[in-house]
Amino acid sequence: MDFRIMASGYERMTKTSSRIELTNILVEILKETDKSVVAKVAYLTQGKLHPDFEGINLGMAEKTVAKALEKAYGASPNEIQSLLRKTGDLGDVAALLSKDKVQQSLFSEKLTVEKVYSSLDEIAKSTGQGSIEGRIARLAALLNSSSEVEAKFLTRFVTGKLRLGVADFTVLDALALTFTDDKKNREKLEKAYNLTSDLGEVAELLANKGLKAVSEVGVTVGKPIRPMLAERMESSKAIIEQMSGAGVAEYKLDGERVQAHRKSNGEITLYSRRVEVITSHYQDVVQSLRSVAAKEFIVEGEAVALDKEGKYLPFQELMHRRRKYGIEEAMEKYPASFNLFDVLYLNGKEMIDESYATRRKALEGLLGRSKGIDNLKLLVVPGRGVETPEEIDSMLQEALAAGCEGLVVKDVKSTYRAGAREYAWIKFKPEYRANVRDTLDLVIVGASHGMGRRAGRYGTFLLAAYDKDTDVFRTTTKIGTGFTDLDLENLSKDLQKEKIAEKSPRVDATVSPDDWFEPHIVIEVIASEITLSPIYTAGLDKVRPGSGLALRFPKFTGKVRTDKAPEDATTVRELIEIYQKQVRQFKVETKEIEEKPAETTKSKRLKAK
Ligand code: ATP
C-alpha cells in the first residue's frame, strides 16, 4: 500500500475538527488499505508501532531528527533552526526542505506502508553503541524517498507529534463503518479491545476474519485486560438497594492498581491501570507473586506502600516508585504490599464470566494453597458480606480505621466487565456522605501565563471532563489555586511537551487560553459545588439551554494522576449526575426549612418556660 494515501489522509485530518469528518477520512484510508497491513495502519494512526503494553516507544529527540533532515536534504543546521523558528514544527520544516529538493536521489524508491513501518520498527528497536547513527541513516533514507506530505508526517510521527485528534474510540468507529457498514458494531469491537488492549489485533481480525471472529476474542495471558471500574454512591441504603444479589464490601485501598500476568513459562508482567508495563517499578511484588501456586494466572489488586511497621501509607508515597532511576532505593524505603481483589484467569480457565462470588472464592483458595507467602506482602483485600446499610456503615468505619479511603461494594452475582464503569462495583467514601464533594480528575487542555511571582510560568489552567459518547473533552473550569511554586514549575515543564498551535479537535471550548495543549495530563481537583455557566461546554444544554456546568471554588489537591489516561478522567455524565444530586439535596434542605419555620423570639421564650 502506498504510504502517500495515508499521508494525504492525515493532511486532510489536520484541517478539520469535525468528528464525523475525521471518522470519514479514516474510513476512506481504511477502504484503500490492504488487509495485510490494516493492523499497521491502525497503530500508525495512533502514533504508535505496537500496542502500549509492549512498551516499544519510538520517540526520537528533535536534535536527532534534525540531523536526519541535514543528511537527507543536505541542509545546514542553521538553515533547519531558522525554518524551525519560523514554522514551530519540525514536520513543516521537513515538508519545506523536501519541496526544495532539487532532484530525486538515485536511490529513492516509492514508499509503501510496509517499508515505512519496518524501518520505523527497526529504529525503535535499535539500541546500543552506534545506534544513533544507524537511526539517523534509516530515517534519512525514508525521507529521501518521501514526497512533501510524506516527509511532514514521517517527521511528526518519529518526534511523537502526529496528533491527528483521533483516539481509540474513533478508530473503532471507523473500523466498524469500513468493515461492517454499521457503526453500532463498534460495541462488539470495543469488547474485544477491552479484553486485549490491542487495537491492531482487533483491526486485523475484523478485516481478515470478520465480526464473528472478533466477537469470539477471549482473554490472553500477556495481554492486559482493560480494568473494570466502580460507580460512586453516597448512601449505604442506596447501595443495598442497587445490589441484585447480596453484596460484599471490600476495603478500598489507596494505592496503585496493578494487573499481574504469569505465563506458563513463569514470566511475570505487571500492568498499570492504563495498561502499560510497570514490572520494573514493583520487583518486590513480582518476587512475592513467584510463591503463588499456579502455573498461569491473571490477578488484580492494589499495590500499597508500607511503613516500617507494616502500616499502609498514602498513594503519594507509592508514587516514589514510579521513576526511571533509583528504583532500588525507593523499593527499600517504600516496600509495597500487593492486595489482591480479583482473579481473571487461572490455569487455562477464563474467569471473567464467572460471578464475583466464584472469583473471590478462587482467589482465596489460590493464596490458601500457596506456601511461603509473606502475609504482609501478598494478601487478599479484606471483604465481608453485607445485607443492611448498617453493616456497610460499620464496615466503612473499620476500613477507615485501618487507613483505607473507603469501601468498594461488589455485587456477588456480577461478572468482570472489562473497561466498564458500572454499578456492579460501587465505591463509597466518607466524603460522599458528609456532603463534601469527592475529588474530580480533569484534563488540562489550556493554560494562561501567570503574573507577578508566577510570571514566566502558567498561572491558570483550563480543565475539561471527558465526554465518552463523542470522545471529546469539554471544558468545565479555570483553576489557579492549590498549586505550590514547585507544582507550577513542574506542570509548566510537562505541558511544554503537549503544547499545540491551535485547540485540539478533541477539545470543545469557547474560552481562549494563552496556550492550548493535547488533552493528556490529568490532575485531581476539589470544588465547593457545580454551578451553571454559559462559558463552559461540559453538559452544555443538557441541564438548561445555553448553559454548561462549571466548578465553584476549584482547588488543586496536589495529585497529578499519572496513573490515569485522559479517557479515565471524570466524565461529563458524572458531572451532570453530581449537579443533579446537588439540586435534589438543595430541595430537601429547603423543604426542611419550610417545614420547620424559624423560631421567633416569642416561641423561644415560650420554650424556655
Ligand atoms: P478514585 O479516584 O476514587 O480512587 P478511580 O477513579 O481511581 O477512583 P475507580 O474505578 O472509580 O477508580 O475506583 C476503583 C479504584 O479503586 C480501582 O481502580 C482500584 O485502583 C482502587 N481499589 C482499591 N481497593 C479496591 C478494591 N477492593 N476493589 C476494587 N478496586 C479497588
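In this text, all values refer to a predicted model and were calculated from it rather than measured experimentally. (Residues numbered from 1 in each chain as written. Predicted model: local features only at pLDDT ≥ 70, side-chain atom pairs only at ≥ 80, totals over all residues. Heavy atoms only, no water.)

A closer look at the packing of aromatic side chains
Logical step 1: For the structure on display, the rule yields nine aromatic pairs.
Logical step 2: A ring pair is formed by Phe341 and Trp425, whose centres lie 6.0 Å apart and whose planes are at 85 degrees; its orientation type is edge-to-face. Of this pair, Phe341 sits in strand β6 (residues 336–346) while Trp425 sits in strand β11 (residues 421–428), and the two are 84 residues apart along the sequence.
Logical step 3: Centre to centre, the rings of Tyr458 and Phe461 are 6.4 Å apart; their planes meet at 65 degrees, and the pair counts as edge-to-face.
Logical step 4: Members of the aromatic cluster, joined through ring pairs, are Tyr458, Phe461, Phe483, Phe517 and Phe556.
Logical step 5: One cation-aromatic arrangement involves Lys40 over Tyr117; the distance from NZ or CZ to the ring centre is 5.2 Å.
Logical step 6: Sitting above the plane of the Trp425 ring, Lys410 keeps its charged end 4.0 Å from the centroid. (Phe/Tyr/Trp six-rings, centres within 6.5 Å; stacked < 30°, edge-to-face > 60°. Helix = DSSP H or I, 4+ residues; strand = E, 2+ residues; numbered from the N terminus. Lys NZ or Arg CZ within 6 Å of the ring centre and 35° of its normal.)

Section: the domain arrangement of the chain
Logical step 1: Splitting the chain by domain gives domain 1 (229–430) and domain 2 (436–576).
Logical step 2: Each of domain 1 and domain 2 was reduced to a C-alpha centroid, and the two centroids are 30 Å apart.
Logical step 3: The interface of domain 1 with domain 2 comprises 11 residues on the first partner and 11 residues on the second.
Logical step 4: Contact between domain 1 and domain 2 buries roughly 1,200 Å² in total, counting both sides, with carbon and sulfur atoms accounting for 37%.
Logical step 5: In terms of surface lost to domain 2, no three residues of domain 1 exceed Arg232, Arg273 and Arg274, which account for 45% of the buried area on that side.
Logical step 6: Taken together, the connections running from domain 1 to domain 2 amount to three salt bridges.
Logical step 7: Among the ionic pairs, Asp568 bridges to Arg273, the shortest N-O distance being 3.9 Å.
Logical step 8: The tally of links between domain 1 and domain 2 comes to four residue pairs in polar contact (both at pLDDT 80 or more).
Logical step 9: Those elements that provide at least two residues to the side of domain 1 that touches domain 2 are β1 (229–232) and α16 (315–318). (Domains from an automatic or database assignment. Contact = heavy atoms within 4.5 Å. Buried area = accessible area lost by both parts, 1.4 Å probe. Salt bridge = Lys/Arg side-chain N within 4 Å of Asp/Glu carboxyl O. Polar contact = N/O pair within 3.5 Å; in protein donor to acceptor, adjacent residues only side chain to side chain.)

Observations regarding the pattern of salt bridges
Logical step 1: Under the defined criterion, the tally for this structure stands at 45 salt bridges.
Logical step 2: Between Lys152 and Asp92 there is a salt bridge whose closest N-O contact spans 3.8 Å. You can see Lys152 sitting in helix α9 (residues 148–158) and its partner Asp92 sitting in helix α6 (residues 90–100), a full 60 residues away along the chain.
Logical step 3: Among the ionic pairs, Asp441 bridges to Arg561, the shortest N-O distance being 3.6 Å. Residue Asp441 is located in strand β12 (residues 440–449), and its partner Arg561 is located in the loop between β21 (555–560) and α22 (572–595); the two are separated by 120 residues in the primary sequence.
Logical step 4: On the basis of relative accessibility, which here comes to 6%, the residue Asp441 falls in the buried class.
Logical step 5: Connected through shared salt-bridge partners, Glu11, Lys15, Asp89, Asp92, Lys152 and Arg156 make up one network. (Buried < 20%, exposed > 50% of the residue type's maximum accessible area, 1.4 Å probe, protein only.)

Notes on the sheet that holds strand β10 (residues 406–411)
Logical step 1: The five strands lie next to each other as β1-β11-β10-β2-β9, forming an open sheet whose pairing is mixed. Only two strands of the sheet have a single partner each, and these edge strands are β1 and β9 (383–386). Averaged over neighbouring strand pairs, the angle between their axes works out to 40 degrees when direction is ignored.
Logical step 2: Here six bridges tie strand β2 (residues 247–252) to β10, and the two strands are oriented antiparallel to one another. Along β10, the bridge assignment pairs Gly247 with Asp411.
Logical step 3: This element, helix α19 (residues 389–401), spans β2, β9, β10 and β11 of the sheet and lies at about 135 degrees to β10. (Pairing = 2+ DSSP bridges. Axes fitted to C-alpha atoms, helices over the stretch in contact; angles between N-to-C directions.)

A short note on the site of the ligand
Logical step 1: Around the ligand, the structure places 21 residues, and the nearest of them are Glu302, Lys410, Arg421, Lys427 and Lys564.
Logical step 2: Glu250 has a polar side-chain atom sitting 2.8 Å from a nitrogen atom of the ligand.
Logical step 3: One of the side-chain N or O atoms of Glu302 is found 2.6 Å from an oxygen atom in the ligand.
Logical step 4: Burial of the ligand by the surrounding chains reaches 94%, relative to a free accessible area of 600 Å².
Logical step 5: Listing elements by their share of the shell around the ligand, those giving two or more residues are β1, β2, β10 and β11.
Logical step 6: Split into classes, the residues belonging to the shell around the ligand amount to eight nonpolar, no polar and 13 charged.
Logical step 7: Each of domain 1 (229–430) and domain 2 (436–576) accounts for three or more of the residues forming the shell around the ligand. (Near = heavy atom within 4 Å. Areas by Shrake-Rupley, 256 points an atom, 1.4 Å probe, with all protein chains shown as cover. Nonpolar A, V, L, I, M, F, W, Y, C, P; charged D, E, K, R; others polar.)

A word on the side chain of Arg19
Logical step 1: Along the chain, the position of Arg19 falls in helix α2 (residues 19–31).
Logical step 2: No salt bridge forms around the buried Arg19; measuring N to O, its nearest opposite-charge neighbour Asp471 is 4.3 Å away.
Logical step 3: At a separation of 2.9 Å, a polar atom in the side chain of Arg19 contacts the side chain of Thr170.
Logical step 4: If we ignore the near neighbours within four places in the chain, the residues touching Arg19 are Gly165, Val166, Thr170, Thr470, Asp471, Val472, Pro505 and Arg506. (Lys, Arg positive; Asp, Glu negative; His and termini not counted.)

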